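Each chain, written out:
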Amino acid sequence: MRNFLAGLVFMVGASSAQGQSGELADLAAQTLDASGAPAVGVMRLEDGEPAFGVAGSRAFRGDAPVGEDDLWHMGSNTKAMTAVLVARLVEQGVVRWEDTVTGYLGSHIEDIDPSFANVTFLHLLSHRSGLRANVNNVDMIRFGVRGASDEPITEQRLDYARRVLTETPQVRIEDEFLYSNAGYVVVGAMLETATGESWEALMRREVFLPLGLESAGFGAPGSSEAVDQPRGHRGGMFGGLTAVEPGPAADNPPVLGPAGTVHLSLRDLAVYLDVVMAGMRGEQTDFLSAESWQLIATPPYGGDYALGWGVQGDQRLHAGSNTMWFVQIVIEPETDSAAVVAFNDGRINRLQPAMVEAVQALLN
């Protein structure tokens, strides 16, 4: 199936067949059986035409079937959307790609390590900033508690940025790749300082609204009162699965938003990916210039990671998981085709073989 199998994946109930492609409904059912996940969604996008298939239940051992328009947590696939947000603000003259950490955060964080003085949006979005992957586990728990409070999310992101920017770099800045959720949180803090608005508000205004992504939101989808959307699932210590109802325990802390908290339907994901691929093919739109899309699609410092996308030949790909969901996206802009496989299950090692088979089927 071309490049996908050669590369590295980046970070049972009734099914609802209404409106599905028969072929993809069958593929979803086969992937469900092979994976052991509660539910599976698959999507193929060719020449602007999406097709969908879903199978399984919204919650393990539940009787609510997953639906074609249900919502899926994107995890780190959010990163590419954050890069698009930066590009939108660059084109509006609000920020510049070469703007630095200290330029926006220096007056808010007094003891930024001097090594980070010239780290830019491009370094952060391509994981070439030298920042650690995440804050430590104790701090992560604290941010989870704070996320359930009324403390402004913008203040939390500044605090998170302070905790990582006052350390020394973990690897050589620009020369070495280190996948960093923290870097994307710092991007969020920079944008918030530049605009006076939260990353969430900026995403709604600059990405969701212009593209008509009405299903898009943040955190675990659905309500805790009813199983009205798929729920994420954790694997147990001795096997088995636990459905996690929406709430603070159902996602990473909100402070990590720019790195991975978006949810949306596969139908809206198809709309978004169609725009992405058109831009990467060089088509000019009112949403974003072809030059910006080319910058997003190209590793700025070499290697195989651009801005929110892994690079394998003519493919751009990424995976996302908050440990309770797993969504793999592969796009081929030049052939105008894309494949998505989504699970409401975070057991990546167990799911990966079935995912690879499903992606292969979708791209072939």
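Residues numbered from 1 in each chain as written. Predicted model: local features only at pLDDT ≥ 70, side-chain atom pairs only at ≥ 80, totals over all residues. Heavy atoms only, no water.

Quick notes on the sheet that holds strand β4 (residues 217-218)
Now for step 1: Pairing is antiparallel across the open sheet formed by 3 strands, whose spatial order is β3-β7-β4. In this open sheet, the two strands that pair with only one neighbour each are β3 (71-73) and β4.
Now for step 2: Direction of pairing for β3 relative to strand β7 (residues 262-265): antiparallel, over a ladder of 3 bridges. Paired with H73 across the bridge in β7 is H263.
Now for step 3: Lying over the sheet, helix α10 (residues 266-280) contacts β3 and β7, oriented at roughly 100° with respect to β7. (Pairing = 2+ DSSP bridges. Helix = DSSP H or I, 4+ residues; strand = E, 2+ residues; numbered from the N terminus. Contact = heavy atoms within 4.5 Å. Axes fitted to C-alpha atoms, helices over the stretch in contact; angles between N-to-C directions.)

Topic: the packing of aromatic side chains
Now for step 1: The final tally for this structure, using the stated rule, is 9 aromatic pairs.
Now for step 2: Each residue in the set F177, Y179 and Y305 is aromatic and connected to the rest through ring pairs, giving one cluster.
Now for step 3: Over the face of the ring belonging to Y184 we find K79, whose NZ or CZ atom lies 5.6 Å from the ring centre. (Phe/Tyr/Trp six-rings, centres within 6.5 Å; stacked < 30°, edge-to-face > 60°. Lys NZ or Arg CZ within 6 Å of the ring centre and 35° of its normal.)

What about the pairing of strand β11 (residues 337-343)?
Now for step 1: Of all 7 residues that make up β11, 7 are buried, and the element is covered over most of its length.
Now for step 2: Every second residue of β11 is oriented toward a common face, with S337, A339, V341 and F343 on one face and A338, V340 and A342 on the other, all of them buried.
Now for step 3: Pairing geometry for strand β1 (residues 39-46) and β11, over 7 bridges, is antiparallel. Looking at β11, one finds that L45 is bridged to A338.
Now for step 4: Direction of pairing for strand β10 (residues 326-332) relative to β11: antiparallel, over a ladder of 7 bridges. The residue bridging I329 from the neighbouring strand is V340, located in β11. (Buried < 20%, exposed > 50% of the residue type's maximum accessible area, 1.4 Å probe, protein only.)

Observations concerning the packing of helix α2 (residues 78-91) against helix α7 (residues 181-195)
Now for step 1: Interaxial distance between α2 and α7 falls to 11 Å at its minimum, and their mutual angle equals 30°. In terms of their interaxial angle, α2 and α7 are classed as roughly parallel. Crossing of α2 against α7: the hand is left-handed. Contacts from K79, T82, L85, V86 and L89 of α2 reach α7 at N181, Y184, V187, L191 and T195. (Parallel < 35°, antiparallel > 145°, perpendicular 65-115°, else oblique. Left-handed = near helix turned anticlockwise from the far one by under 90°.)

Topic: the side chain of H263
Now for step 1: For H263, the location among the structural elements is in strand β7.
Now for step 2: A residue is classified by how much of its surface remains accessible, and H263, at 8% relative accessible area, is buried.
Now for step 3: Polar side-chain contacts of H263 include one of 2.8 Å to the backbone oxygen of G219.
Now for step 4: If sequence neighbours within four positions are ignored, H263 has contacts with L71, W72, H73, M74, S215, A216, G217, F218, G219, A220 and P221. (Polar contact = N/O pair within 3.5 Å; in protein donor to acceptor, adjacent residues only side chain to side chain.)

Looking at helix α12 (residues 348-363)
Now for step 1: For α12, which comprises 16 residues, the first-to-last C-alpha distance of 21 Å matches the rise-based estimate of 22 Å (1.5 Å per residue) to within 8%.
Now for step 2: At A354, α12 is deflected by roughly 30°, the largest bend along its length.
Now for step 3: For α12, every residue scored as buried is listed here: I348, L351, A354, M355, V356, A358, V359, L362 and L363.
Now for step 4: Against α1 (22-35), β1, β9 (315-320), β10 and β11 lie the buried residues of α12. (Expected span 1.5 Å × (residues − 1). Bend = angle between axes of the 7 residues up to and from the residue.)

With respect to the environment of F52
Now for step 1: Here F52 shows up in strand β2 (residues 49-56).
Now for step 2: A relative accessible area of 3% means that F52 is categorised as buried.
Now for step 3: The spatial distance from the C-alpha of F52 to the C-alpha of S21 is 5.9 Å, given a sequence separation of 31 residues.
Now for step 4: For F52, the residues in contact, after removing those within four places along its chain, are Q20, S21, L24, A25, V42, M43, E68, L266, R267 and A270.

Thoughts on the environment of D304
Now for step 1: Structurally, the position occupied by D304 is in the loop between α11 (290-297) and β8 (310-312).
Now for step 2: D304 sits 127 residues away from F177 along the chain, and the two C-alpha atoms are 9.5 Å apart.

A look at the packing of helix α6 (residues 153-165) against α7
Now for step 1: At a minimum axis separation of 9 Å, α6 and α7 run at an interaxial angle of 130°. In terms of orientation, α6 and α7 fall into the oblique class. Between α6 and α7 lies a crossing of left-handed hand. Between α6 and α7, the residues in contact are T154, R157, L158, Y160, A161, V164 and L165 and A182, V185, V186, A189, E192 and T193, respectively.
Now for step 2: A class-by-class count of the residues in the contact of α6 with α7 yields 9 nonpolar, 2 polar and 2 charged. (Nonpolar A, V, L, I, M, F, W, Y, C, P; charged D, E, K, R; others polar.)

By themselves, these figures tell us nothing about what the structure is for.
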